[in-house]
Amino acid sequence: MFTRPGRVPGDLALVLGPVAGLWAGVGRASTCRWLAAAVRTELARVRGLVGGEVAERVLAERLERRLLLERGRPVVGLQGWLMSRGLPQRPGCWSHVCDDGVRMDTGGGCASCDSLVGDRRAVRRAVAVEVAQEMPGVSAEVRRGEAERRLHHQVQVRAAADAVRHKRAAAERAVREEAVERRRRERAVAERERVSAPCEECGVAEAAGLCLVCSARRRTGELLREAVDVTVALRADLGDRAAVGELTERVAADTRLLLDGVCGRSAGVPEAAVLAFDQSTVAGRILAGRRAAALKRLAGGEEAEAEAERAFEAAMRRQHRYPTRGMALSAAQKAADAAREAAAGALLRERLGDLARLRGRPVAERAGWRVRCGERAGRPPAGDAAAGAGGLVGMGRVGAA
Ligand SMILES: [Zn+2]
Ligand SMILES: [Zn+2]
């Protein structure tokens, strides 16, 4: 691989990061190539142990730890230092992923090292035995000195490992915190932009897109349109587009007059905001009144009446489930009322749907009234008549064991 003299090879930039400043001292190009090959060999071995994604970092951290162990002594001759001290794995225990008491795969402390080491006294004993075996025939004083030196070295190794581990944990935490803070700032900016958007109707500033007054006016407009629709749906021949248009205009004008009349009765000239809120409240009342009147009228009609009768009869066929005939009658009456009410609601929804289609507005599709009646006509008469008209299955079963 071609590399500018003095520069760490590109593919080893991360691994050799801790010693990058020393690379120029290696000297001859052939030595650099040879040394880089040795590092790549170790990297490949570490990859086999911990996987490709983390191997480079693991090796870089190893070099960093070993540099810390020099305690500020300058590294003279990177080549020799790397081969003897920097590069080789030094497991503290039997584990093949252990290096200086750090687990290479997780980056955490090595548990088997910890259990091996046990407490400080056990280490002391282990080192003393080791020294006694390796240095037979020397004085106790010399052995003690050597044991102390080795213990001291072990402490340093663990301390260096801890330092690197903490540094990495702190860096990872900083990255996480930075990401959290960045998201918080982005949300704050978005929220400021949302709130500061002017009203799209009247242009007043800082209105989050629509000011309260214009929002009340819009709501009034929607409620009035619905109120007009309820009246038109009930009174117009929905097959005659022209007649529907004409009636809509008339009803809309009347409804507006009604609204202005009710809201204009208050003393003095109200502020624009007060008027807007008043109007939306009144418009809501007008719509509720029209719906109630429409439902009442539809509930008195032939179709709802037929539904109520069917429900009553179906309930009476189950009268044997009630202790007395009086209770059965009362339950049947309740079922009939519910069926009548549900039928009126379904009829109104269907007419409003037809009107919306006529006006080219989107309609939430649901099974039409007549379609459902037709389906029911095909079912055996034992069916619960109230069920189809509003999901009232179970009504009138009071007292049934
Ligand atoms: Zn270990
Ligand atoms: Zn506005």
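See the structure printed just above.
Described in the following lines is the structure provided in the data block.

### Some points on the coordination of the zinc ion (ligand 2)
Only Cys 199 (SG), Cys 202 (SG), Cys 211 (SG) and Cys 214 (SG) from the protein coordinate the zinc ion (ligand 2), and they sit 2.2 to 2.3 Å from it. Its four donor atoms give the zinc ion (ligand 2) angles of 102 to 114° at the centre, a pattern that matches the tetrahedral case. Taken in sequence order, the residues that donate to the zinc ion (ligand 2) follow the motif C-x2-C-x8-C-x2-C. Residue Cys 199 is found in the loop between helix H6 (140-196) and helix H7 (212-235), and its partner Cys 211 is found in the loop between H6 and H7; the two are separated by 12 residues along the sequence. Here Cys 199 matches Cys 211 in class, with each residue buried.

### Details of the environment of Val 50
Positionally, Val 50 belongs in helix H1 (residues 29-50). When neighbours within four sequence positions are excluded, Val 50 is seen to be in contact with Ala 55, Val 58, Met 104 and Asp 105.

### Focus: the nonpolar core
In summary, soluble globular proteins display a tendency toward joint burial of nonpolar side chains. Counting 25 residues, the largest nonpolar core has Leu 16 and Trp 23 as its most contacted members. For this core, the elements supplying multiple residues, two or more each, are H1, helix H2 (52-69) and helix H3 (78-86). The leading source of residues in this core is H1, at seven residues. When neighbours within four sequence positions are excluded, Trp 23 is seen to be in contact with Gly 6, Arg 7, Val 8, Pro 9, Leu 16, Cys 32, Leu 35, Ala 36 and Leu 78. One finds Ala 227, Cys 263, Leu 298 and Leu 348 within the second-largest nonpolar core, a separate group that totals 17 residues.

### Some remarks on the pattern of salt bridges
Under the criterion given, the structure shown has 36 salt bridges. Arg 66 is paired through a salt bridge with Asp 99; the nearest N and O atoms lie 2.8 Å apart. With Arg 66 in helix H2 and Asp 99 in strand S1 (residues 98-99), this pair connects stretches of sequence that are 33 residues apart. Assigned by exposure class, Arg 66 and Asp 99 land together as buried. A network of salt bridges, in which partner residues are shared, links Glu 42, Arg 45, Arg 62, Arg 65, Arg 66, Arg 90, Asp 99 and Asp 100.

### Describing the packing of H1 against H2
Look at H1 against H2: their axes get within 8 Å of each other, and the N-to-C directions meet at 125°. One finds that H1 runs oblique with respect to H2. Along this stretch, H1 crosses H2, giving a crossing that reads as right-handed. Where H1 approaches H2, its residues Val 39, Glu 42, Leu 43, Arg 45, Val 46, Arg 47 and Val 50 are matched on the opposing element by Gly 52, Val 54, Ala 55, Glu 56, Val 58, Leu 59 and Arg 62.

### Considering the packing of H7 against helix H9 (residues 272-299)
H9 packs onto H7 with a crossing angle of 20° between their chain directions and a minimal axis gap of 8 Å. Taken together, the axes of H7 and H9 lie roughly parallel to each other. The crossing of H7 and H9 is left-handed.

Each value, and the rule that gives it
- Residues numbered from 1 in each chain as written.
- Chains lettered and ligands numbered in written order.
- Predicted model: local features only at pLDDT ≥ 70, side-chain atom pairs only at ≥ 80, totals over all residues.
- Heavy atoms only, no water.
- Donors = N, O, S within 2.8 Å, 3.2 Å for Na, K, Ca; no water.
- Tetrahedral: all angles 85-135°; square planar, octahedral: opposite > 155°, others 65-115°.
- Helix = DSSP H or I, 4+ residues; strand = E, 2+ residues; numbered from the N terminus.
- Buried < 20%, exposed > 50% of the residue type's maximum accessible area, 1.4 Å probe, protein only.
- Contact = heavy atoms within 4.5 Å.
- Core = buried A, V, L, I, M, F, W, Y, C linked by side-chain atoms within 4.5 Å.
- Salt bridge = Lys/Arg side-chain N within 4 Å of Asp/Glu carboxyl O.
- Axes fitted to C-alpha atoms, helices over the stretch in contact; angles between N-to-C directions.
- Parallel < 35°, antiparallel > 145°, perpendicular 65-115°, else oblique.
- Left-handed = near helix turned anticlockwise from the far one by under 90°.

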